[in-house]
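Okay, here's what each chain looks like letter by letter:
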Amino acid sequence: MAGSLGKALMSAGGPGKKLAKIGSQASYWADHPRLISMLEKGPSKIIISLNGNGIRGTGDLLNLIHSYTKGEVPVTWSGAPPPLRKRESWKKSITSDSGFAKTYDRRSKNNKTVEAMVEGYSWTFINPYDYIKYSTPKTIGGRTFESGYTCKSCDGIHLPKRASRDYVSKISGLL
């Protein structure tokens, strides 16, 4: 859990240890020695924020967590937030209407795939698309989008501080 979203989740989730690696996927964590060490210590709850960079290794990570917790520790997984259509960004796909739509759809589809996997363990999956909504839906490239946020200087992929705080305040009862 890196960046503004990680900080907001840590603040709402209560005291605990944080593991974060910018740009990682579940596959990075599925055999990570620090994660295994923390799981061996018997956490009281686990909060995960992943999917924005893809979902490779999600099944392996879930299996790892379950093997150490035996399903006795609550796990809450927050998926990828919706992207923001930007004129300029290091993430070139969101700088065109069609690229933005593809990124939006891919992240949404990945969230639904991971939701089924997480809920298969009777754990909680939180889909940011359900909580991060425009006050008025936006029409981009002739298509209407309901999920999203606004910001002036963010990159359009990582939630900025305000959007992170707003999202986490809406889901804090689930953490």
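Refer to the preceding data block for the structure.
All values derive from a computational prediction rather than experimental measurement.

S.K.: Report on the packing of helix H3 (residues 33-40) against helix H4 (residues 58-69), specifying residues and quantitative values.
M.R.: Running from amino to carboxyl end, H3 crosses H4 at an angle of 30°, the nearest separation of the two axes being 9 Å. It follows from the interaxial angle that H3 and H4 lie roughly parallel. Judged by the twist between their axes, the crossing of H3 over H4 is right-handed. Across the interface between the two elements, Leu35, Ile36, Leu39 and Glu40 of H3 pack against Leu61, Leu64, Ile65, Tyr68 and Thr69 of H4.

S.K.: Give a description of the environment of Gly6 that names residues and reports values.
M.R.: The topology assignment puts Gly6 in helix H1 (residues 3-13). We classify Gly6 as buried; its relative accessible area is 1%.

S.K.: Give a detailed account of the nonpolar core, specifying residues and quantitative values.
M.R.: Core analysis: the largest hydrophobic core is formed by 22 residues, its most contacted members being Phe145, Tyr149, Leu159, Tyr167, Val168 and Leu175. Per element, the largest residue contribution to this core is four residues, and it comes from helix H6 (residues 161-171). Membership of the second largest hydrophobic core comes to 21 residues, among which are Ala30, Leu50, Leu64 and Val73.

S.K.: Hey, could you go over the sheet that holds strand E2 (residues 75-78) for me, with residue numbers and the actual values?
M.R.: Overall, parallel pairing links the three strands, which are arranged E1-E2-E3 in an open sheet. Here the strands that pair on one side only, and so sit at the sheet edges, are strand E1 (46-49) and strand E3 (124-126). Ignoring which end each strand starts from, the neighbouring axes of this sheet average 15° apart. The pairing of E2 with E3 spans three bridges and is parallel. Paired with Ser78 across the two strands is Ile126, which belongs to E3. Those strands touched by helix H5 (residues 97-119) are E2 and E3, and its axis lies near 165° from that of E3.

Cut-offs and rules
- Residues numbered from 1 in each chain as written.
- Predicted model: local features only at pLDDT ≥ 70, side-chain atom pairs only at ≥ 80, totals over all residues.
- Heavy atoms only, no water.
- Axes fitted to C-alpha atoms, helices over the stretch in contact; angles between N-to-C directions.
- Helix = DSSP H or I, 4+ residues; strand = E, 2+ residues; numbered from the N terminus.
- Parallel < 35°, antiparallel > 145°, perpendicular 65-115°, else oblique.
- Left-handed = near helix turned anticlockwise from the far one by under 90°.
- Contact = heavy atoms within 4.5 Å.
- Buried < 20%, exposed > 50% of the residue type's maximum accessible area, 1.4 Å probe, protein only.
- Core = buried A, V, L, I, M, F, W, Y, C linked by side-chain atoms within 4.5 Å.
- Pairing = 2+ DSSP bridges.

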